[in-house]
Structure formats: structure tokens, C-alpha cells
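Summary of the model geometry
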Amino acid sequence: MEQFILPEGYHSPLTIRETEVAIKEVKDHFERALAKSLHLTRVSAPLFVKPESGMNDNLNGTERPVSFGIREQNDAPVEIVHSLAKWKRYALKRYDFHSGEGLYTDMSAIRRDEDTDNLHSLYVDQWDWEKIISKEERNTETLRYTVRKVYAALKETEEFISRRYNYIEPLLPEDITFITAQELEDLYPKLSPKEREYKIAREKKAVFLSQIGKTLVSGKPHDGRAPDYDDWELNGDILVYYPVLDVALELSSMGIRVDEAALKRQLKIAGCEDRAELDFQKSLLNGELPYTVGGGIGQSRICMFYLRKAHIGEVQSSIWTEDTLRLADEHQIQLL
């Protein structure tokens, strides 16, 4: 239970019922702001996919998906999605989207191997979004432009919620700071990746940390990233400083997606070239899928951030250990 942060003197100004109302307000406002900022259309999305499709997100490559057999299909196995990072790209083509157009969807996932704490749950809910770009737009300028669009929606939503609930003071700065994982390692070579994130987030308040997944001078990547969706040269995370817990809080992971060359290169580096034979990866290598930029934005994460909650269980219903339930009850942390 050393991972359970108990803020001294914490007390939520909102009751559970008031919190539920506020969650809806946050989600409704941000969803509209994001769709407007990036010109996105909402679509429906799958909860589970076939393993052989190659569409499930492998995350760091060690997490086990929840799977089950379908009775009417001779117990053919399917997997609960970890995210929709790959499915969205396929959907853009199938639904006949064009350059400059994009989609977003509500994604629900189960991550059975997650280490739960104030920020992490077995249940994951996020807005998954994806937008078509040209091959010429696969560059840093496009990435930064898109990051600023997402950040504008985040900042607009915080301003709205701070007007709606007078106990909330805006935390986000006017602009977001950009820094690469290598630049951050150079600044703090003796710190761990998470300690570096904390340092830069506390200093700048809002940061886009880019090039996650590629090997740094230290010989290790800043963090793991699946090799077959983000281009490790053109991706990153939006991190903000969260004073309630005194932590760097990741609100979004996003990036320009791999093209044929990046996919081949990253599969080789990751030692999983066999994935090139899966349906999704094969379509990509054959040039059958559009070039895209996309990402995921945690729904519970932003609700927690905007409503100044101490635990993600205050804004989503999940399963927690008996120790977590006991400590939450003792410290007035009202888990849903």
C-alpha cells in the first residue's frame, strides 16, 4: 500500500451525487471542445477484437489481455481491447474519411495486470481519436500543432469547470512546453524517468514529452511503447503538474502513426518482426491504410484533475483491494 498517496487534510467539497453530476459536465464539455478543435466525428467502437487481426494494443508487450471464447463460433477466442490505437486507423479507411478529417470514440478497456494506485485502475476509459494527414505532414510541426489543439481543449474545459465550481482554481499555464525524452535525460541524468517527469512537470506545469519508445543515450527508452502504432520519433505524452497529489499526471498519449518504413524499423528493434504477418500490420505495410495522427485522452484522469480528486476511484467505479477500501474510508476518500 506504499503506492496509496494520502494527501494531508484532503476533503472533497462535492458529495458522491454532486461528483457524478460534475463528471458528466466535464465529459460533455471536453468532448465537444476536442471534436471542435480537431474537426472530429464521433463513431462507435468495439469492446473486443480477434487476436489474429493484430488490432489490439500490445502496450509494453507484457500485459495480458482479457480473453474469452464465443460459444456460437466454436469458442473462437476474442480479446478485450487495451486501446483502439490500431482499430481507429482501419476505421478511417473503412468509413471513407479523407485528409483533414478524423474520428473519436469512447473506449473502455480492462487491464488485468495494472498495478493500481491513486492514478491507475483495472478499468480504463478514454477518448480515442484519430485524424488523417498526408505523408508530407508526418513531421514535428504537425505533431506540435496537434498537441496545441488538444491542449486548447483541455485548457478551455478547465476554465469552464472553474467557473462552474468556485472551489476550483485553474492550474494550466497559457502555453504547453515541448521537450524530448533525450533532452529531459540530459537535464536530469541521475534521475529515473518518472522522477524526471515530476521535475519538469512541476517546473513548467504542462509539458509535452516527446520521442517515447526510442533508445536514449543511456541505452534505455524513457518508457515502453508498442512498435506498431506510434512513430517513436513523432509521439509523446501530455503531462501536467497535479498539486493535490504532488505528482506529474499524464492526461494524454498521442503521436503521428508509423508509416511502412517506421513500422519495419520498430518491429525489428522490438524483436517482433513476426507481427508483420498479422492482418493490420500487413495492410499497413502494403500501403492500404491512411497516414494518421491520433491519441488517447483519459476520461477519468481529466475528471480527477479538473475536480481536484485524490483518487481515480472517486470518478470511476472499479475494483480495489481491501486495504485500499479501508484507507479510503479512513481518510474521507469516497470511492464510487
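Residues numbered from 1 in each chain as written. Predicted model: local features only at pLDDT ≥ 70, side-chain atom pairs only at ≥ 80, totals over all residues. Heavy atoms only, no water.

**Regarding helix 1 (residues 16-38)**
Taking 1.5 Å as the rise per residue, helix 1 with 23 residues should run 33 Å; its terminal C-alpha atoms sit 33 Å apart, in good agreement. Of the residues one or two after helix 1, His39 is the one with positive phi, at around 60 degrees. (Helix = DSSP H or I, 4+ residues; strand = E, 2+ residues; numbered from the N terminus. Expected span 1.5 Å × (residues − 1).)

**A look at the side chain of His222**
When you line up the elements, His222 lands in the loop between strand 8 (206-210) and strand 9 (230-242). Within the structure, His222 has its side chain in polar contact with the side chain of Glu197 (distance 2.7 Å). Look past the residues within four positions of His222 in its chain and what remains in contact with it is Ala181, Leu184, Pro193, Arg196, Glu197, Leu209, Lys214 and Leu216. (Polar contact = N/O pair within 3.5 Å; in protein donor to acceptor, adjacent residues only side chain to side chain. Contact = heavy atoms within 4.5 Å.)

**Some points on the packing of aromatic side chains**
In total, this model carries seven aromatic pairs according to the counting rule given. Between Phe48 and Phe68, the ring centres sit 5.4 Å apart and the planes meet at 80 degrees, which makes this aromatic pair edge-to-face. Of the two residues, Phe48 is situated in strand 2 (residues 48-49) and Phe68 in strand 3 (residues 67-70); the sequence distance between them amounts to 20 residues. Ring plane angle 65 degrees and centroid distance 6.4 Å describe the contact between Tyr198 and Tyr241, whose orientation is recorded as edge-to-face. (Phe/Tyr/Trp six-rings, centres within 6.5 Å; stacked < 30°, edge-to-face > 60°.)

**Considering the pattern of salt bridges**
Under the defined criterion, the tally for this structure stands at 27 salt bridges. With a shortest N-O distance of 3.1 Å, Lys88 and Asp128 are connected by a salt bridge. Taken as a pair, Lys88 in helix 2 (residues 87-94) and Asp128 in strand 6 (residues 123-132) lie far apart in primary sequence, 40 residues in all. There is no split in this pair, since Lys88 and Asp128 are both buried. Here Arg138 ties to Asp259 by a salt bridge, and the two come within 3.2 Å at their closest N and O atoms. Linking Arg138 in the loop between strand 6 and helix 3 (140-164) with Asp259 in the loop between strand 10 (247-257) and helix 6 (260-270), this pair joins segments that are 121 residues apart in sequence. (Salt bridge = Lys/Arg side-chain N within 4 Å of Asp/Glu carboxyl O. Buried < 20%, exposed > 50% of the residue type's maximum accessible area, 1.4 Å probe, protein only.)

**Here's the deal with the pairing of strand 4 (residues 76-80)**
Where strand 2 lies against strand 4, two bridges are found, and the strand directions are antiparallel. Bridging from a neighbouring strand, Phe48 pairs with Ile80 of strand 4. Taking the residues that link successive antiparallel strands as the turn, the strand 3-strand 4 hairpin has five residues, and the phi of Asn74 there is positive, at about 55 degrees. (Pairing = 2+ DSSP bridges.)

**Some points on the environment of Ile5**
Position of Ile5 relative to the elements: it lies in the segment before helix 1. Spatially, the C-alpha atom of Ile5 lies 9.7 Å from that of Leu119, the residues being 114 residues apart in sequence. Not counting the four nearest positions on each side in its chain, Ile5 is found in contact with Asn118, Leu245 and Val247.

**Comments concerning the side chain of Ser12**
As for its placement among the helices and strands, Ser12 is situated in the segment before helix 1. On the basis of relative accessible area, Ser12 is assigned to the buried category, the value being 6%. Sequence-distant contacts of Ser12, that is, excluding residues within four places in its chain, are made with Lys309 and Glu314.

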